[in-house]
Amino acid sequence: MSNILSDLNPEQSQAAAHIDGPLMIIAGAGSGKTRTLTYRIANLLQHRVDPFNILALTFTNKAAREMKDRISNLIGTEAKSVWMGTFHSIFARVLRVDGEVLGYPKDFTIYDTDDCKSLIRAIVKEQNLDPKTYPASQVLSRISNAKSSLMSPEEYLQNVEIRAQDAAAKKPMIGEIYKIYNERLKRSSAMDFDDLLFNMNLLLRDFPDILAKYQRRFKYILVDEYQDTNYAQYLIVKKLAAAHQNICVVGDDAQSIYAFRGANIQNILNFKSDYPTFQTFKLEQNYRSTKTIVGGANSIISKNRDQIRKEIWTENIEGEKIHLSKCDTDKAEGLSVAQKIFEIKMNEHLQNSDFAVLYRTNNQSRSIEDALRQLNIPYRIYGGQSFYQRKEIKDVLAYFRLAVNPNDQEALLRVINYPARGIGQTTIERLRVLADQHQVSLWDIVSTPTLQGDEINSGTRTKLDAFAVKIKSLNVGIKTTEAFEMATQIWLASGIKSAFDEEDTLEAEMRLRNVDELLNAVKDFTLTEQQVVNEETGEISLVNNEFRMLDEFMSDIALITDADINQDDDKNKVSLMTIHAAKGLEFACVFVVGMEENLFPSSMSVNTRTELEEERRLFYVAVTRAEKKLFLSFAENRFIWGQYTFCEPSRFLEEIDPMYLDNPEVLEKTSMFERFESYKTYNKPKQFLGSNLRKVEASTSLPSTPLRERLSRSLSGVEMTDLQKPKSLMSMAEAKYTPTPPSAGISSENLRENQKVHHEKFGSGIIKSVEQNGEKIVVLFDTVGEKTLLTKFAKLQIGLPD
DNA sequence: GTGTGATATCTTTTT
DNA sequence: GATATCACAC
């Protein structure tokens with residue numbers, strides 16, 4: 001019977017064999033977590049647990065799919081009937097069935113981040129608030145945090161602490177924005193990502209029948225990456241598991257990297273008190289990486305204060321040291337990575353797919369891509385600008401969305417005048433006002449001529465009517481016409497195709513092809529087997545020969561990310577992705593690039609210990625992706641915002657026990673002189689623009705304002721007195737992690753022995769000797785003794801300070 | 001109402 | 001460098 005468990009080590013096997021009651025598995029990196037989880041599900045199924053009584057929640061579709069595949073391989077197709085998916089997708093499915101009690105139609109729209117932001121921008125504008133005080137991204141993150149903590153707008157407005165925070169941040173109106181934002185979402189029959197959790201909780205909290213139904217259905221619950229759950233997810237799971245208490249959570253506090261979006265490590269620490277009868281297993285043996293990599297990773301994570309102590313160890317070989325390299329620029333870094341991949345492939349007969357390049361931020365992919373292309377190394381980027389985020393795709397999807405749910409305001413606004421049909425800004429503003437007056441959706445105003453009011457002139461009204469008729473006619477077919485057919489109809493009716501055809505450029509041609517790809521995706525969707533849920537039993541069965549409708553497609557893709565589509569024909573490619581996206585994956589050779597201060601750790605995360613510790617865990621995740629070879633690199637100059645910027649090696653590099661590094665000496669500080677030379681090399685002014693000083697400055701300046709000012713002035717010979725302005729608080733903070741740039745040094749002609757000088761930091765002194773034509777001087781200072789200085793960079797004044 | 005250029009701001013990380 | 005917003009001419 002449980003012979004499948006013999007593939008596992010004792011801890012894994014005990015965890016997998018566990019059937020009833022709460023269970024917590026603390027699984028270190030590379031300890032066979034997914035393996036244990038899949039074996040446990042397989043074991044449950046072998047013990048005659050019905051697959052549709054098992055709920056397995058993951059954070060990514062990829063993780064869910066992988067688990068499904070692995071279970072299928074173990075015990076066959078029965079696995080496909082397990083409820084397995086991301087929190088968001090499973091809850092969306094529940095809400096489509098039962099969300100009507102909350103006032104949502106079955107085909108509610110799911111707003112993506114862009115939709116939410118544009119809605120917030122509109123609200124800020126109409127409330128006459130300053131968009132600079134209320135940037136959409138910040139407001140959204142505040143709202144998102146509130147929703148993740150299950151805080152409604154009303155509770156938000158009443159919460160003294162929260163309001164004080166907003167007031168202190170000089171953004172006192174966020175609560176009001178939140179309230180309006182939620183009303184608008186509802187009026188648009190739309191939910192944002194956080195609503196999927198928030199409303200799921202409402203459903204279980206306020207409707208005992210519904211709670212009972214899902215408790216009956218989900219007799220066995222498994223949660224992957226439990227350390228990444230936020231409060232909403234935690235509470236929902238707790239409610240669902242309350243009846244049977246068959247809950248199994250798997251996690252690793254050392255890999256918690258989503259605190260920024262509300263994940264709470266406490267959830268894992270509180271498991272004990274929530275489920276006093278729990279059992280726990282620790283998986284500490286690493287099967288993935290060499291001793292060197294495991295040791296290096298341990299030395300990193302040990303620097304964190306908040307952690308459950310674990311002893312990750314491995315029986316694997318010692319392996320190579322961790323390779324460290326310093327590059328001149330991000331471009332050079334890319335080339336060095338590409339060349340190494342090329343060499344290793346040749347020498348060790350590895351596949352492209354054995355390599356991954358990991359970075360902190362998506363925009364770092366560019367230099368890597370360029371280099372890989374140069375060497376003809378095929379690669380695939382995960383994440384980043386997704387296919388579904390391209391303009392033309394979003395435009396077509398907006399028509400799809402409108403056809404499914406005309407109340408979808410963001411979709412309506414996107415296409416009401418695209419292609420141009422003479423419905424301009426003024427008209428839209430009037431419609432918005434009307435919608436608000438009548439407390440109805442924008443679509444209600446557009447589609448109901450009697451509601452349009454006197455302000456709309458008859459010409460415009462005709463245009464509006466024509467648009468409304470078009471959308472209505474599309475909406476009619478949505479329930480009866482098969483998805484691909486429907487999609488094609490909408491595409492042709494939208495008029496976008498004709499616009500592209502008319503344009504007749506290469507660009508338009510590309511966009512057309514992208515839309516074709518979208519239509520193909522719809523076609524594929526109609527051909528895949530369909531999961532049908534029996535509402536009585538919760539049983540999931542697979543049906544092949546049934547029509548699939550466009551609304552189903554739309555509800556599917558809203559939660560699909562780039563990593564999920566695009567299952568490339570040729571899988572043998574180098575993987576490029578952010579470290580976040582790499583969680584859960586492993587590669588023979590891993591390159592972690594951009595190991596620089598202000599990039600990794602991010603400049604946004606160096607202010608508090610908790611933030612810094614999350615960055616460190618992120619680094620830990622990056623390092624533990626590697627099986628055999630690990631390369632860490634940093635660039636001394638990075639191209640940011642169209643300019644080269646000085647970079648310092650990341651503090652994390654110094655935290656690795658040097659015994660695991662092949663060349664720790666790379667970390668030794670570069671002299672200011674070399675830095676300045678390399679700065680000059682990479683920031684040659686492209687052309688001199690005469691009187692346009694701004695332009696000259698832009699082409700030679702550094703990004704942080706105080707540095708930029710000081711340096712560009714030194715280059716253009718501005719008086720030093722100008723440089724002594726008091727530093728703002730902001731610039732002090734920056735100064736902490738940014739190397740001091742060369743300042744306007746005094747000219748070497750004025751220097752002679754026994755000259756009195758004054759140094760900003762060292763105070764007064766006397767020049768003892770002048771070397772190398774005045775480039776270097778030795779000064780005997782009154783307080784700190786003898787120092788050798790480079791005149792070019794030392795902030796010296798001749799004589800005594802005034 | 002539409003379309004064009006200038007310009008300000010920009011960067012975490014994701015479902 | 002890339003994108004979102006703004007000012008101005010048509």
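Above this text is the structure in question.
Per chain, residues are indexed from 1 in the order of the written sequence. The order in which chains are written sets their letters, starting at A; the order in which ligands are written sets their numbers, starting at 1. Thresholds applied to this predicted model are a pLDDT of at least 70 for local features of residues and 80 or more for the giving and counting of side-chain atom pairs; totals over whole chains, interfaces and linings are not thresholded and use all residues. Working from all heavy atoms in the structure, the side-chain values ignore hydrogens and water.

Turning our eyes to something else, we now look at the overall build of chain A. A run of H or I in DSSP becomes a helix once it reaches four residues, and a run of E becomes a strand once it reaches two; helices and strands are each numbered from the N terminus. The helix and strand inventory of chain A stands at 33 helices and 24 strands. Put simply, chain A shows about 36,700 Å² of open surface, and 51% of that area lies on carbon and sulfur atoms. For accessible areas, the Shrake-Rupley method is used with a probe of radius 1.4 Å. Any residue's cover is judged against the shown protein chains and nothing else.

Whether a residue is near a molecule or strand depends on its heavy atoms: if one lies within 4 Å, it is near. Close contacts around DNA strand C come from Arg121, Arg366, Trp641 and Gly642, and that covers them all. Identification of polar contacts relies on pairs of N or O atoms within 3.5 Å, with a donor-acceptor requirement for protein atoms, meaning one able to donate a hydrogen and the other able to accept it, and with residues adjacent in sequence counted only if both atoms are side-chain atoms. Within the side chain of Arg121, one N or O atom sits 3.0 Å away from a phosphate oxygen of DNA strand C. The residue classification treats Ala, Val, Leu, Ile, Met, Phe, Trp, Tyr, Cys and Pro as nonpolar and Asp, Glu, Lys and Arg as charged. All others, Gly included, are polar. Residue composition of the surface near DNA strand C, grouped by class: 1 nonpolar, 1 polar and 2 charged.

Our next topic: the side chain of Asp252. Here Asp252 is to be found in the loop between β7 (247–251) and α13 (266–269). Looking at Asp252, its side chain comes within polar contact range of the side chain of Gln255, at 2.8 Å. Note on contacts: a residue pair qualifies if any of its non-hydrogen atoms lie within 4.5 Å across the two residues. Once residues within four sequence positions are removed from consideration, Asp252 is found in contact with Ala27, Gly28, Ala29, Gln227, Ile268, Lys310 and Tyr620.

A separate point is the pattern of salt bridges. The working definition used for a salt bridge is a side-chain nitrogen of Lys or Arg within 4 Å of a carboxyl oxygen of Asp or Glu. Applying the stated criterion to the full structure yields 41 salt bridges. As a salt-bridge pair, Lys394 and Asp114 come within 3.2 Å of each other at their nearest N and O atoms. In this pair, Lys394 sits in helix α18 (residues 391–404) while Asp114 sits in helix α5 (residues 113–126), placing the two residues 280 residues apart along the sequence. Buried, partly exposed and exposed residues are distinguished by accessible area as a fraction of the type maximum, computed with a 1.4 Å probe on protein chains only: under 20%, between the cut-offs, and over 50%, respectively. By relative accessible area, Lys394 is classed as buried at 9%. Arg373 is the partner of Glu369 in a salt bridge, and the nearest nitrogen-oxygen pair spans 3.9 Å. Taken together, the residues span about one helical turn, with Glu369 and Arg373 both in helix α17 (residues 365–374) at a distance of 4 residues. Judged by its relative accessible area of 45%, Arg373 falls in the partly exposed class. Within the structure, one salt-bridge network assembled from shared partners comprises Lys33, Asp224, Glu225, Asp228 and Lys583.

Before going further, it helps to spend a moment on unusual backbone geometry. Of note, the amide linkage connecting Tyr418 to Pro419 takes the cis form, showing an omega dihedral of -5°. Following Phe600, the chain continues into Pro601 via a peptide bond in cis, with omega recorded as 5°. Backbone geometry at Leu150 places phi at a positive 60°, although glycine is not the residue there. The topology assignment puts Leu150 in the loop between α6 (136–148) and α7 (153–158).

Further remarks concern the pairing of β7. With 5 of 5 residues buried, β7 is to be regarded as a mostly interior element. Where burial is concerned, the two faces of β7 agree: the one with Ile247, Val249 and Gly251 and the one with Cys248 and Val250 are both buried. In this scheme, strands are said to pair when DSSP sees at least two bridges between them. Sheet topology note: the strand β6 (residues 220–223)/β7 ladder contains 3 bridges and is parallel. Bridge assignment links Val223 to a residue of β7, and that residue is Val249. Handedness of the crossover is the feature at issue here: the chain leaves β6, passes through helix α12 (residues 231–241), returns alongside β7, and the resulting connection is right-handed. A crossover gets the label right-handed when its path from the first strand over the helix to the second runs clockwise, viewed with the strands pointing away from the viewer.

Note on aromatic pairs: each is described by the distance of the centres and the angle between the planes. The pairing test for Phe, Tyr and Trp rings, Trp by its six-membered ring, is centres within 6.5 Å, and the orientation test on the planes gives stacked under 30 degrees, edge-to-face over 60, and tilted for anything in between. In the structure shown here, the tally under the stated rule is 18 aromatic pairs. A ring pair is formed by Phe87 and Phe91, whose centres lie 6.0 Å apart and whose planes are at 75°; its orientation type is edge-to-face. With Phe87 and Phe91 both in helix α4 (residues 87–98) and 4 residues apart, the pair spans about one turn of that helix. With respect to burial, Phe87 and Phe91 carry one shared label: buried. Their ring planes at 25° and their centres at 5.9 Å tell us that Tyr214 and Phe218 sit as a pair that is stacked. Across the pair, Phe218 and Tyr214 agree in class, each one buried.

Attention now moves to the environment of Ala483. Looking at the secondary structure, you find Ala483 in helix α23 (residues 483–494). Note on Ala483: relative accessible area 0%, which makes it buried. In this structure, Ala483 is in contact with Val522, Thr526, Arg548, Met549 and Leu550, ignoring residues within four places of it in sequence.

Attention shifts here to the packing of helix α22 (residues 458–477) against α23. Fitting a line to C-alpha atoms yields each axis, with helices limited to the stretch in contact; the angle taken between N-to-C directions then spans 0 to 180 degrees. Interhelical geometry of α22 versus α23 gives an angle of 175° and a closest axis separation of 10 Å. The angle between α22 and α23 places the two elements in the roughly antiparallel class. Contacts from Lys470, Leu474 and Gly477 in α22 reach Met486, Ile490, Ala493 and Ser494 in α23. For the contact of α22 with α23, a count of residues per class yields 4 nonpolar, 2 polar and 1 charged. Should an angle fall under 35 degrees it is taken as roughly parallel, and over 145 as roughly antiparallel, whereas 65 to 115 is taken as roughly perpendicular and any remaining angle as oblique.

Once that is clear, we can look at helix α28 (residues 609–623). Compared with the 21 Å implied by 1.5 Å per residue over 15 residues, the 21 Å span of α28 between its first and last C-alpha is a close match. Counting buried residues in α28 gives 12 out of 15 residues, a clear majority hidden from the surface. Leu612, Glu613, Glu614, Glu615, Arg616, Arg617, Leu618, Phe619, Tyr620, Val621, Ala622 and Val623 are the residues of α28 that are buried. The span expected for a helix works out to 1.5 Å for each residue beyond the first.

What follows concerns the sheet that holds strand β8 (residues 279–283). Ordered by their spatial adjacency, 6 strands build an open sheet running β3-β2-β6-β7-β1-β8, and the pairing between neighbours is parallel. Sheet topology places β3 (83–86) and β8 at the edges, where each strand pairs with a single neighbour. Shown here is a sheet whose adjacent strand axes are inclined to one another by a mean of 15°, direction ignored. Pairing of strand β2 (residues 54–58) with β6, which is carried by 4 bridges, proceeds in the parallel orientation. Bridge pairing links Leu57 to Val223 in β6. Each of β2, β6 and β7 touches α12; the most contacted strand, β6, lies at about 160° to it.

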